[in-house]
Amino acid sequence: MNTRISIPAASGSHPVIGHSIELGRDPLGLMRRGHREHGRVFRLNLPMRDAVVLLGTEHNKLAFAETDRKLSIRTAYPFFLRMFSPDFYFFADRAEYRRQRDVVLPRFQGRQLDGYVKVMEDASRDFIAELGDSGEFELTEGFGPLVMRVAAHSFLGERFADSSTDWFEEFRRFSEGADFITPGWLPAPHLLRSRSAGRRIRARIQAIIDSRRAAPGDGGDFLDAFVRATYEDGTPVPDEVLVHLIIMLVWAGHETTTGHLAWGLIDLLRNPDELDRARAEAEAMPEAMGAADVRRLAHLDRCLHESERLHPVAFMLARSTTEPMTIDGHYVPADTIVMLSPSATHRLEEEFPEPDRFVPDRFEDDPSQLRRLIGFGGGLHRCLGMRFAYLEMTVILAHLLRAFDFKLADPDPQPIRTTGAKWPAPTTVKYWRR
């Protein structure tokens, strides 16, 4: 334990395990208690080393500005090094990260981003057809393969989209490795499943890359551009980097978007007035929406941002100090975990009035609140796929709201009690054609 940290610890720590169990099961409750006791800076006791928690927009700005300087992503997420590689993307040095980021960035800008709308619309229509006229489904089980279908079609090519359910199951196993608590050297079953799934996924994507190179397309889709990708100096991007970039895009996209989409529908169903406004907006759109039409779904977009505020799927962002720092007058030594908490910061009353209420219009009344959201990270390392995710969620929900009425079987869904992404616990919705 870093005994030189002078920052007070939140109550409720247990011998040996510290706050680790509560951090996984009820992070919002833990963070709110720490905030009540000590304000916007406090400490958590964890098994391997203590962590300093920073809450609030100004602390977020500090952490994002110091990332790759006094703060490191690489050493804060040791499990990612096992899931990917030590020189990949966020975990590479700053120059290499920028080189790899520049390979991906053009595929999420302008017309390239607009070109994905048809994929999203086709997948939404197929999903609606599969649902039939009435029935029920569990949200993440239904949305997970749908989101994976969009990712498979967008990033791997149309002929691989049909195996989206298989991809979804493989990536769920892969996701089990994103464990902040369990030491990587333990032969824990979930870590072994993650490693096995990672090997299979890498082999499958390498085969897809090899196949596309052998039979290239017209150069217009994501995969064609990727298999020909070069760095700015003309050096071909190594296959290991290409494979891991595709894995990151598909995995991060399905992990975050599935949970966010589920929470988005839950929040609308729990707030009928906002649901009616979002549905009326969607019904005013043409049957086949283009990217410009999707951008006019302003209220639905605000509803999704309010779901990001209330239920950030990435409930914790972590960094590790690379050298000693002083934060609010407190000495923080090197090799200390620094945590940002979207779930707690998004519910600070002084930054988000009526923080526990679903109030989408807050972002229209006070646009600065939108800039305070960190559900997709921030700074240079803000998620490149955020616009893609919002476009996808807006398209899917607009089509579903036009097609069906819904009712929650459980009126009060809660976050799943795991150390990973905070999807809602299994939640069933009933539906019938409008």
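Numbers given for residues are sequential positions, taken from 1 along each chain in its written order. The model is predicted, so local features are restricted to residues of pLDDT at least 70 and side-chain atom pairs to those at 80 or more, both for listing and for counting; the totals for chains, interfaces and linings are taken over all residues. Side-chain descriptors were evaluated using all non-hydrogen atoms of the structure, hydrogens and water having been removed beforehand.

## With respect to the overall build of the protein
Here is step 1: Secondary structure counts use DSSP, requiring at least four H or I residues in a row for a helix and at least two E residues in a row for a strand, with both numbered from the N terminus. When its secondary structure is counted, the protein shows 19 helices and 10 strands.
Here is step 2: When its C-alpha atoms are laid out on the principal axes, the protein stretches across 60 × 55 × 40 Å.
Here is step 3: Using a 1.4 Å probe on the protein chains alone, a residue whose accessible area is under 20% of its type maximum counts as buried, one over 50% counts as exposed, and one in between counts as partly exposed. Evaluated residue by residue, the protein yields a buried proportion of 56% over its 434 residues.
Here is step 4: By sequence separation, contacts in the protein at least 24 residues apart represent 71% of the contacts at least 6 residues apart.
Here is step 5: Each charge class in the protein can be summarised by its mean position, and for the 56 positive and 63 negative side chains these summaries are 3 Å apart. Pairs of residues are marked as contacts when any of their non-hydrogen atoms sit within 4.5 Å. In this tally, Asp and Glu contribute negative charge and Lys and Arg positive charge; neither His nor the terminal groups of the chain are included. Charged groups are reduced to one reference atom each: NZ for lysine, CZ for arginine, CG for aspartic acid, CD for glutamic acid.

## Remarks on the pairing of strand E5 (residues 317-321)
Here is step 1: Counting buried residues along E5, five of its five residues qualify, which places the element largely inside the surrounding structure.
Here is step 2: With burial as the criterion, each face of E5 is covered, one bearing Leu317, Arg319 and Thr321 and the other bearing Ala318 and Ser320.
Here is step 3: Strand pairing is assigned whenever DSSP detects at least two bridges linking the two strands. Sheet topology places strand E3 (residues 71-72) next to E5; two bridges connect them, and they run antiparallel. Looking at E5, one finds that Ser72 is bridged to Ser320.

## Examining the environment of Glu306
Here is step 1: Along the chain, Glu306 turns up in helix H15 (residues 298-310).
Here is step 2: Judged by its relative accessible area of 0%, Glu306 falls in the buried class.
Here is step 3: A sequence separation of 117 residues divides Glu306 from Trp423, and the C-alpha atoms of the two residues are 15 Å apart.
Here is step 4: Those residues within four positions of Glu306 in sequence are excluded, and the remaining contacts are Arg357, Phe358, Val359, Pro360, Arg362 and Phe363.
Here is step 5: Pairing of N or O atoms within 3.5 Å defines a polar contact, subject to two protein rules: one partner must be a possible hydrogen donor and the other a possible acceptor, and residues neighboring in sequence count only if both atoms are side-chain atoms. A polar atom in the side chain of Glu306 sits 2.7 Å from the backbone nitrogen of Val359.

## Things to note about the packing of aromatic side chains
Here is step 1: Between the rings of Phe, Tyr and Trp (Trp by its six-membered ring), a pair exists once the centres lie within 6.5 Å; its type follows the angle of the planes, with under 30 degrees stacked, over 60 edge-to-face, and the other angles tilted. Considering all chains together, one arrives at 27 aromatic pairs under this definition.
Here is step 2: Ring centres 6.3 Å apart and planes at 75 degrees place the aromatic pair Tyr116 and Phe155 in the edge-to-face group. Taken together, the residues span a long stretch of sequence, with Tyr116 in the loop between helix H6 (110-114) and helix H7 (117-131) and Phe155 in helix H8 (residues 139-156) at a distance of 39 residues.
Here is step 3: Residue Tyr116 is classed as buried on the basis of its relative accessible area of 6%.
Here is step 4: Site record: aromatic cluster; members linked through ring pairs are Tyr77, Phe79, Phe80, Phe84, Phe88, Tyr89, Tyr97, Phe171, Phe174 and Trp251.
Here is step 5: Note on geometry: a ring has a charge over it if NZ (lysine) or CZ (arginine) is within 6 Å of the ring centre and within 35 degrees of the ring normal. Here the guanidinium or amino end of Lys422 rests over the ring plane of Phe315, the centre of that ring lying 5.1 Å away.

## Remarks on the nonpolar core
Here is step 1: Ranked by size, the top nonpolar core spans 137 residues in total, and within it Phe84, Phe143 and Met339 carry the most contacts.
Here is step 2: For this core, the element with the most residues is helix H12 (residues 239-269), which contributes 17 residues.
Here is step 3: In contact with Phe143, other than residues within four places in its own chain, are Phe127, Phe137, Thr258, Leu261, Ala262, Leu265 and Leu400. Side-chain atoms within 4.5 Å link the members of a nonpolar core, which is a set of buried Ala, Val, Leu, Ile, Met, Phe, Trp, Tyr and Cys residues.

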